[in-house]
Amino acid sequence: MIRSNINLYRFIRGAASLLALVFLANGNLFAQNSTATIRGTVSGENGAPIGSAQIIATNTNSGVQRVAQSNDAGFYTLAGLVPGSYTLAIRRIGSAPQTRTVVAQIGTTQVQDFSLTTQAAQLATQVITGSAGIETKSSEVSTNVTQAQIAKLPTSTRNFLDLAALSPGVIVTEDRTNSTTFKTVSADGQSASSVNLFIDGTSFKNDLTAGGIAGQDASRGNPFARNAVQEYRIIAQNFKAEYQKASSAVIIATTKSGGNTWSGNALVGYQNASMIGLDTLQRVDKAANPSFKKPDYNRTLSALSIGGPIVKDKIHIFGSYEGNIQNRASRVNFTGLPAAGAFPSLDTVNLAQYNGNFQSPFRENLWFAKIDDELNDKSSLELSFNNRGETDIRDFGGNQAFQEAVNYHQNIMVGQIKYNYFVGALLNEAKVDYSDFRRNPKPNEPGTQRVYQYPGGSAVIGSNLSTQDYTQRRLGLRDDLTYSGFKLWGDHVMKTGASLDLVKYDVLKDNNGTPQFTYSNQVDCFPTCGTPTVYNFNSPFQLVYATGNPLLNANNTQLGMYAQDDWSPVPRLMLNIGVRWDYESHMLNNDYVTPQNVVDTLTRYNALLPHPLDLSRYVSTGSQRKPFKGAIQPRFGFSYSIDKAERTTIFGGWGLYYDRIQYDLYSVDETQKLSHPTYTIRFAPKGQAPAAGQVAWNDSYLTASKATLDALVHSQGLPEAWFIDNQAKVPRSKQMNFGVRQLVGDFAATVTYANVKGEDQTALNWANFGLNNTGGCCNSFDLGPHGFQNFLYMTNDKKTYYSAIQVQLDRPYRRLDPGSLGWGAGLAYSYATRSLSGADGLTDEFDFPNSLSIPKHAANDEKQRIVANFITDLPYLFGIQFSGLGTFGGKYRQDVGCAARFCGFGTTGNQFERGAFTVPGTFPYQTIDLRLRKDFPSFGRSLTAVGLTLDVFNATNHNNWGCYDTGDRNSKSFGKPSCLFSDARRYQVGAELNF
């Protein structure tokens, strides 16, 4: 609590000082696009443009108004609108006034043209049927997730990112009740680290570790309160120049604001073990095991939000809370234990005492608060704050005792101030944000760890091995300007801006800081192959232990600049032309100095290594590494309406997109592999003299002090040395798309061809291993006599390839009045090929022996995927609402046999496809989630709706198999799965109160 208060105080103090400076220096400031735009033309009865017409947009929730005026060409723009429903009114002396209702969605540009009729006197306003908010003239490949979908579609854990799967080409990992799965989003055949999330314009990019979105790389929690998200947009390809630090997709979300009436929402959802079915593998286990017990589990999801006016039409406030309480049990089961008396020393340990079911509690609290003030008719101010805190006792079970559990802490705090200024054709915003991302897993029971390897299996008891504490603090400033008054060969909306982020990284990475002692009956091939060395569990044969300085910190300045122009040379044509440039001062260890003993060893033996290194690139004196200044990113898009009514549009685009290199794997480990190395010590059997490469065992080592163990491992252990390329490239992608968009009644249909190539992605290779003359594995050079285990070096040889036909069909949910049938539906289909070179998998960080030995091959190559959703109100069936979300996946190609670089070329290259996709066949992957909601009559004036909900997840109880045996074709288990990717059918009940 003290830490949070200090962070909040620092944020308010720093932001207030900075804003004061900004106001004094320059009023022309603008922030990240979490807003919407309405633009169009005003013409007369004869089609001639009309200037000086006044267009007033009134937010139907808050009453806040924005005003624009048409120019001599009849063109007008209302940019920077808070997403929501607006009443558009147009007035001009001598013309009949008109009003219409328009839904402006986040990141979209609504085209609203007016045709005025001449009128001598001011008569009644002409009311025109409003638009549903379908955008037609975008060049982006994007999907908008509406408030109706967020509130009404079934998702298991209320993670708002679940619905990102509504966008073709986007994959969201599943929620599991009794396994450790983490919620990540990936797109375009690239890894989750290539994605970025913006909430109210603030980046949630994880600079330090994998996963892309802060807090999602190793957590079952949610990044943000779902009941605080108004809507969001997934831009899978061709996003504009204002977005940064992503090479696959960006997600932009806007939060809710208070309105002119006080309103709120409270809900609760509950699920326990009796509401979860047994999957196929559990049923087999139950049949074979009379003592089988379904794992304990219960989960309570709660949410509360309220918002309203402090001053009507001027000052509004909104706040929300979400809680996620999960209690699950993990079963520790040491199987195949030797019979009593077989190994007397092992009997004294009594491993069976560690078996049983143990609680694994998860707790998460999400807070959000926001206040906005319409200062005057030209400016507004907004202040928001959110905090995420969670704990999770996990990572035990199976052959790992409860003592092995990790206590996973995570805290994410973001605060921001936004100031808007708008006059005439000029729109300016300022944004200052402060974020503090902390990820802190540590042993739940500190101590030592013991591993017992016996003929029937293995057992792990004692403490978890590692303590980590990653903190990423960022002060962000953004300065942008939008101007829509420029006219040259058509109408322009020009936008330019710059961002400055001052980031501080503090890392404690004490991996393997817990001493690990491993026991066995006998050990083969040590110290030499021949007669096994017998230990009989009397003493450990090995110690793995890391020591040294686990701390590292750095400051990083991130600068971004861009300019873009939305240009309409003629009314039906829109050109989006932009360029972006990004810079980071300390993405890698720019001032790192390679230790002299490493330099000497590499220099002396470099020519003998299977892969010699270029010393000018892999030895650093602290001055060779320069910040990358070449991240110039041109981006181009177009859209052209075939017909005057703009119901048929062709669109396309091309762009270059730079991401960034994660700080943890390269900068941290390059230093820590030498400053905090992990050592492996081999012991002689108890009471025996040590052979070459062994150390005499002493029982005191089990309780020895850190100083004693440090001296022990330094006497025998060997560190690794990692080499980062002084000329390292920043990962990037080239994106291209072409498509057609068609309005069919209330539906918007889109067909797109998308192509994305990821380049210069990073991996680590082995310098002391390489392919032999036959192309198999491996030649090696023994670095042990020269003081090192391995030499690993960084390359940019990893590439991804994505090519897809994508189809979208969407009808936004709409209900005209309380007694009518409201419904909405959508479908996202993709036929895609995904390939990878320079790595075995998307998340692989190490390529053995090197990236160049791994040719281009299918990876994550699911050919077909359909994601469908629907919401329907059934007013004649007692106020029941029915909604659903279905995902269907097709063929999935996998490599078969031993990789060529291990077994020699000509022995592999065969692939098989699991499942099938045929019409009217079935999809191998299927999950259908359904929700029923029953609304009851109001109980008093203040209570507007009470509802009960029933969710059914995986309603068809489909087995989504995984872990296929792709090794030996002659094996009886070849092509057969051994695990499931999703849970069996499960239910959840809930209640919701709107007031």
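Relevant structure appears above.
Because the structure is a prediction, the values reported are computed rather than measured. Starting from 1, residues in each chain are numbered consecutively following that chain's sequence as written. Restriction of local features to residues with pLDDT of at least 70 applies here, the model being predicted, together with a cutoff of 80 or more for giving and counting side-chain atom pairs; totals for whole chains, interfaces and linings are based on all residues. Side-chain metrics rest on all non-hydrogen atoms present in the structure, leaving aside hydrogens and water.

Draft legend 1. Representation of the sheet that holds strand 14 (residues 202–203) within the structure. By definition, two strands form a pair when at least two bridges between them are found by DSSP. We count a stretch as a helix when DSSP gives it H or I for four or more residues in a row; a strand needs E for two or more, and each element gets its number in order from the N terminus. Strand order across the open sheet formed by five strands is 10-15-16-13-14, with mixed pairing between neighbours. Of all the strands in the sheet, the pair left with one neighbour each is strand 10 (141–145) and strand 14. Relative to strand 16 (residues 250–255), strand 15 (residues 229–237) runs antiparallel, the two being bridged by six bridges. The residue bridging Tyr232 from the neighbouring strand is Ala253, located in strand 16.

Draft legend 2. Seen up close, the pattern of salt bridges. In the sections that follow, a salt bridge refers to a side-chain nitrogen of Lys or Arg positioned within 4 Å of a carboxyl oxygen of Asp or Glu. Throughout the structure, instances matching the rule amount to 48 salt bridges. Residue Glu322 is joined to Arg158 by a salt bridge in which the shortest nitrogen-to-oxygen separation is 2.8 Å. Here the residue Glu322 occupies a position in strand 19 (residues 315–332), and Arg158 occupies one in the loop between helix 2 (147–152) and strand 11 (170–172), the gap between them amounting to 164 residues. Like Arg158, Glu322 is buried. For Arg660, the salt bridge is made with Asp207, and the minimal N-O distance between the two is 3.7 Å. Linking Arg660 in the loop between strand 35 (648–658) and helix 7 (664–675) with Asp207 in the loop between strand 14 and strand 15, this pair joins segments that are 453 residues apart in sequence. Across the pair, Asp207 and Arg660 agree in class, each one buried. For every residue, the accessible area obtained with a 1.4 Å probe (protein chains only) is divided by the maximum for its type, and the residue is called buried under 20%, exposed over 50%, and partly exposed between those limits.

Draft legend 3. Expanded view of the sheet that holds strand 24 (residues 449–454). In spatial order, the strands read 25-24-28-31-36; together these five strands make up an open sheet with mixed pairing. The sheet terminates laterally at strand 25 (457–462) and strand 36 (678–682), the two strands that pair on one side only. Neighbour-to-neighbour, the strand axes of the sheet open up by a mean angle of 15 degrees, direction not taken into account. Angles run from 0 to 180 degrees between N-to-C directions of axes, and those axes are lines fitted to C-alpha atoms, restricted for helices to the stretch in contact.

Draft legend 4. Just the pairing of strand 10, in detail. Within strand 10, five of the five residues are buried, leaving the element largely enclosed by the surrounding structure. Judged by which residues are buried, strand 10 turns out to be covered on both faces: Val141, Thr143 and Val145 on one side and Ser142 and Asn144 on the other are all buried. Note: strand 10 against strand 15, five bridges, orientation antiparallel. Counterpart to Ser142 in the pairing with strand 15 is Ile235.

Draft legend 5. Expanded view of a nonpolar patch on the surface. Residues enter patches when they are more than 30% accessible in relative terms and free of salt bridges; like-charged ones are connected within 9 Å and nonpolar ones (Val, Leu, Ile, Met, Phe, Trp, Tyr) within 5 Å. Where accessible areas are quoted, they stem from the Shrake-Rupley method and a 1.4 Å probe; at the residue level, only the protein chains shown are allowed to cover. Together, Trp262, Ile306, Ile310, Val311, Ile317, Ile371 and Leu383 line one region of the surface with nonpolar side chains, adding up to about 590 Å² of accessible area. If you tally residues by element for the nonpolar patch, the top one is strand 18 (residues 297–311), at three residues. The partly exposed category is assigned to Val311, whose relative accessible area is 36%.

Draft legend 6. Spatial organisation of the state of the cysteines. The term disulfide is used for any two cysteine sulfur atoms that are within 2.5 Å. All chains considered together, the criterion is met by two disulfides. Two residues share a disulfide in this structure: Cys777 and Cys778, whose sulfurs sit 1.3 Å from each other. Here the S-S torsion is close to -80 degrees, and the disulfide linking Cys777 with Cys778 is therefore left-handed. On the basis of relative accessibility, which here comes to 28%, the residue Cys777 falls in the partly exposed class. Its relative accessible area of 26% is what places Cys778 among the partly exposed residues.

Draft legend 7. Structural view of the side chain of Asp200. Along the chain, Asp200 falls in the loop between strand 13 (196–199) and strand 14. We call two residues in contact when some of their heavy atoms are within 4.5 Å. Contact partners of Asp200, with chain neighbours within four places excluded, come to Ser34, Ala253, Thr254, Thr255, Lys370, Glu382, Gln416, Lys418 and Lys431.

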